[in-house]
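Single-letter residue listing:
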Amino acid sequence: MSEPTKRQADDIPPAFETEADELVSHYPVSKRSASLPLLHLWQREFGFVDDSGVEWIAAKLDLTPINILELVTFYPWFRRAAAGKVVIRVCRTLACAMAGSHEVKERFCESVGLDPHAEHHGFGTPPPTTADGKFSVEFVECLASCGSAPVALIDDDLVENIQPADVAAIVAKLK
Amino acid sequence: MSSLSSPPHPKERRIIFENISLPGYTPDIDCYLAHGGYESLRKAVTMQPTEIVDAVKAANLRGRGGAGFPCGTKWSFIKYDDGKPHYIVVNGDESEPGTFKDRYILHQDPHQLIEGLAISAFATNTHLAYIYIRCEFPHAAKIVWNAIQEAHAKGFLGKNILGTGFDLDIFVHQGAGAYICGEETSLLESLEGKRPYPRIKPPYFPAVLGLYMKPTIVNNVETLCHVKHILRLGAAEYAKMGTPGDGGTRTMCVSGDVVRTGIFEMPCGAVTMRELIFDLCGGLKPGRSLKAVIPGGSSAKVMRADEVYKIKVKGPDGAMIDKDLPMLDVVLDASTLQSVGTMIGSAGLMVLDDSRDMVWVLNNLNQFYAHESCGQCTPCREGSLWMSKMTTRMLAGGGRPEDPKNLKNIADNIAGRTICAFGEACSWPTQSFLAKFPEEFDKAAG
Ligand SMILES: Cc1cc2nc3c(=O)[nH]c(=O)nc-3n(C[C@H](O)[C@H](O)[C@H](O)COP(=O)(O)O)c2cc1C
Ligand code: SF4
Ligand code: FES
């Protein structure tokens, strides 16, 4: 991972700070509780969390940067480098796998031009992403929609009962 | 959302899903109020807090998150007047594979949860609560937060609720993709902003030391919704729907190899395995037969379709006698499933037909647990990964004669030796699959 030359914290929009303060106010007993909400806010704004993000959130909550970094490397949701503009998360777990989610994931990878068998180990690394930065595709664990398997979470939206043959059309709409 | 939009089967009784299954029902407060919303809270604030706790006890409500602990008993661990702040944390992490009920409540009937939560706060002298929602439900987080603001505006939350002088604030907290955060002490660490490592027990209950080391109740989303209906129907009426140890209705999630997958709400103990699979779910797919069911979320021990359990029942003269209970005749309630060596858990039933290779199925679950172990305890961190690597190798044709024995040995050395119940959760599939389908594992072992 090459070090980004620009620090995300140099470009914080004015409304961001207000939103961060609002989130901190939801935790009147302990500011530290706001670390996950601020990480979500940061990743939504900047796409990933760089060192300046870790430091900014830590400073905001009177913590040391390692208190934030250890969350970024624990939770599968956060990443230290950019993912695609659209992130496609296909469910890997039992009900979806039985309904063909492995094939569905392969079709997604092929449709956007990714290696269907690329490994992704998490710990803050972004999921496999196309060279043009448009798409990431990854497997995630049970999305709590096993009755309409196989499913995928495409950005914020759940897509249910996906058949391999549907995938190309789904991707075409996202392009 | 197939099963809820069709009319209920005669065995079903929709209480939790009553609103959600109405055509045109929307999650806003006006729609909720038009359907009797917040009447139970109005009633609650006229009652003594202890009366509410007693009603929940008398209703025989068990937690719907997986462990099945009696809800009223849990609440009674909180001392109303101990002078400490109390907290309630709602577990909306819903990540046990096979479970998909809370998602409907959070997305489609958020006020039902808020009402149940407000009643439990009033009963336990709690003024601050959090609803923890997995981040893979981004719309739900917005819908629930919006519902909280609506309830504030109408005086059901905030300061001086319904003129009683009682205050309650609720906030939404989003997870970040880790299954372990469903374990209640991990969830609390996550909410405190720490790495979500489950806490060492004792204390066994967050009611002793919970959020910010203060008395805390952690309840599942569905559990708190039931509270509203206990007050609405009365504890006796509510309890009567279920079995003596398991009151009310239960939502059951069915996935896998049946004609109609989906979610069904029935009085506890109202259906047998046969009725659920063959009547409510329309049976197996054409030409297929039943092989196995994982009855309570992915960690529940698997049941083999041709098993006959030996259970003890009360005979005509009152003495306990042995009885044969075929798997399909097992009644789906907490105590019956426990008596046949598995559990109702989160009531997520995964149905497997005769086309399924049990080594493949176990490998899928092993990969889940290997991915989700938090890594704190050596037996769980290493063992879950070993089991996953072994079943992966067996599937790829690299089985070795000693594999089944070694798998069992690893699982036996995780369960009971870890900080949290994930240790059991990741061992039970391996232990039960090996015990119930030894021929398939022997074959894959070569
Ligand atoms: C590994 C593990 C994962 C769990 N996941 C969930 C979950 O996703 N949702 C949930 O409500 N409870 C989950 N639980 C159970 C909780 O620890 C806790 O018992 C429950 O939230 C209590 O609420 P209840 O008494 O209302 O069921 C999990 C437990 C373990 C050990
Ligand atoms: S049992 Fe597993 S998940 Fe639970 S604390 Fe230990 S390592 Fe973590
Ligand atoms: S297994 Fe895919 S949603 Fe549960």
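Note that the structure is predicted; figures quoted are calculated from it, not measured. (Residues numbered from 1 in each chain as written. Chains lettered and ligands numbered in written order. Predicted model: local features only at pLDDT ≥ 70, side-chain atom pairs only at ≥ 80, totals over all residues. Heavy atoms only, no water.)

### A look at the site of ligand 2
Thought 1: Within the structure, ligand 2 sits among 13 residues, and Cys374, Cys377, Cys380, Thr418 and Cys420 of chain B are positioned closest to it.
Thought 2: Of the residues in the shell around ligand 2, the class split is eight nonpolar, five polar and no charged. (Near = heavy atom within 4 Å. Nonpolar A, V, L, I, M, F, W, Y, C, P; charged D, E, K, R; others polar.)

### Regarding the interface of chain A and chain B
Thought 1: Residue-level contacts link 40 residues of chain A with 58 residues of chain B.
Thought 2: For the pair chain A and chain B, the summed buried area comes to about 3700 Å², and 61% of that belongs to carbon and sulfur atoms.
Thought 3: Broken down residue by residue, the surface that chain A buries against chain B is led by Phe74, Leu94 and Met98 of chain A, which jointly contribute 18%.
Thought 4: Applying the counting rule to chain A against chain B returns zero salt bridges.
Thought 5: Taken together, chain A and chain B are joined by 20 residue pairs in polar contact (both at pLDDT 80 or more).
Thought 6: Secondary-structure elements contributing two or more residues to the side of chain A that touches chain B are α2 (35-46), α4 (65-72), α5 (94-98) and β4 (157-159) of chain A. (Contact = heavy atoms within 4.5 Å. Buried area = accessible area lost by both parts, 1.4 Å probe. Salt bridge = Lys/Arg side-chain N within 4 Å of Asp/Glu carboxyl O. Polar contact = N/O pair within 3.5 Å; in protein donor to acceptor, adjacent residues only side chain to side chain. Helix = DSSP H or I, 4+ residues; strand = E, 2+ residues; numbered from the N terminus.)

### Some words on helix α17 (residues 422-436) of chain B
Residue and element names in this part refer to chain B.
Thought 1: Along its 15 residues, α17 runs 22 Å from first to last C-alpha, staying within 8% of the 21 Å computed at 1.5 Å per residue.
Thought 2: Maximal helix bending in α17 amounts to about 30°, located at Trp428; proline Pro429 follows within four positions.
Thought 3: Of all 15 residues in α17, twelve are buried, a share of seventy percent or more.
Thought 4: When we look at burial in α17, the residues that qualify are Phe422, Gly423, Glu424, Ala425, Cys426, Ser427, Pro429, Thr430, Gln431, Ser432, Phe433 and Leu434.
Thought 5: Those residues of α17 that are buried are in contact with β7 (290-294), α14 (358-372), α15 (378-398), α16 (403-412) and α18 (438-445). (Expected span 1.5 Å × (residues − 1). Bend = angle between axes of the 7 residues up to and from the residue. Buried < 20%, exposed > 50% of the residue type's maximum accessible area, 1.4 Å probe, protein only.)

### Thoughts on the sheet that holds strand β3 (residues 152-154) of chain A
Residues and elements named next belong to chain A.
Thought 1: Strand order in the open sheet formed by four strands is β2-β1-β3-β4, and the pairing between neighbours is mixed. One side of each edge strand has no neighbouring strand; the edge strands of this open sheet are β2 (135-140) and β4. Within this sheet the neighbouring strands show an average axis-to-axis angle of 25°, counted without direction.
Thought 2: As judged from the three bridges shared by strand β1 (residues 86-91) and β3, these two strands associate in the antiparallel manner. Bridged to Val90 within β3 is Ala152.
Thought 3: Set on the sheet, helix α6 (residues 101-112) makes contact with β1, β2 and β3; between it and β2 the angle comes to about 165°. (Pairing = 2+ DSSP bridges. Axes fitted to C-alpha atoms, helices over the stretch in contact; angles between N-to-C directions.)

### Overview of the side chain of Thr99 of chain B
Thought 1: Within the secondary structure, Thr99 of chain B is located in the loop between β1 (87-92) and α6 (102-108).
Thought 2: A polar contact of 2.8 Å, which involves the side chain of Thr99 of chain B, links it to the side chain of Ser346 of chain B.
Thought 3: Residues in contact with Thr99 of chain B, not counting those within four places in the same chain, are Ala144 and Cys146 of chain A together with Glu94, Cys253, Gly297, Ser346 and Gly348 of chain B.

### Brief notes about the packing of helix α4 (residues 49-58) of chain B against helix α7 (residues 110-124) of chain B
Residues and elements named next belong to chain B.
Thought 1: The geometry of α4 relative to α7 is characterised by a closest axis approach of 7 Å and an angle of 120° between their N-to-C directions. With respect to α7, the axis of α4 lies oblique. Crossing hand, α4 versus α7: left-handed. In this structure, α4 contributes Pro49, Ile52 and Val53 to the contact, and α7 contributes Ile119, Phe122 and Ala123.
Thought 2: Per-class residue counts for the contact of α4 with α7 are six nonpolar, no polar and no charged. (Parallel < 35°, antiparallel > 145°, perpendicular 65-115°, else oblique. Left-handed = near helix turned anticlockwise from the far one by under 90°.)

### Here's the deal with the packing of α14 of chain B against α15 of chain B
Residue and element names in this part refer to chain B.
Thought 1: Where α14 meets α15, the closest approach of the two axes is 8 Å, and the angle between their N-to-C directions is 150°. By the angle class used here, α14 and α15 are roughly antiparallel. The crossing of α14 and α15 is left-handed. Contact residues: α14 offers Val359, Trp360, Leu362, Asn363, Asn366, Gln367, Tyr369 and Ala370, while α15 offers Ser384, Leu385, Met387, Ser388, Thr391, Thr392, Met394 and Leu395.
Thought 2: Residues belonging to the contact of α14 with α15 are distributed by class as follows: nine nonpolar, seven polar and no charged.

The analysis is restricted to geometry; functional conclusions fall outside its scope.
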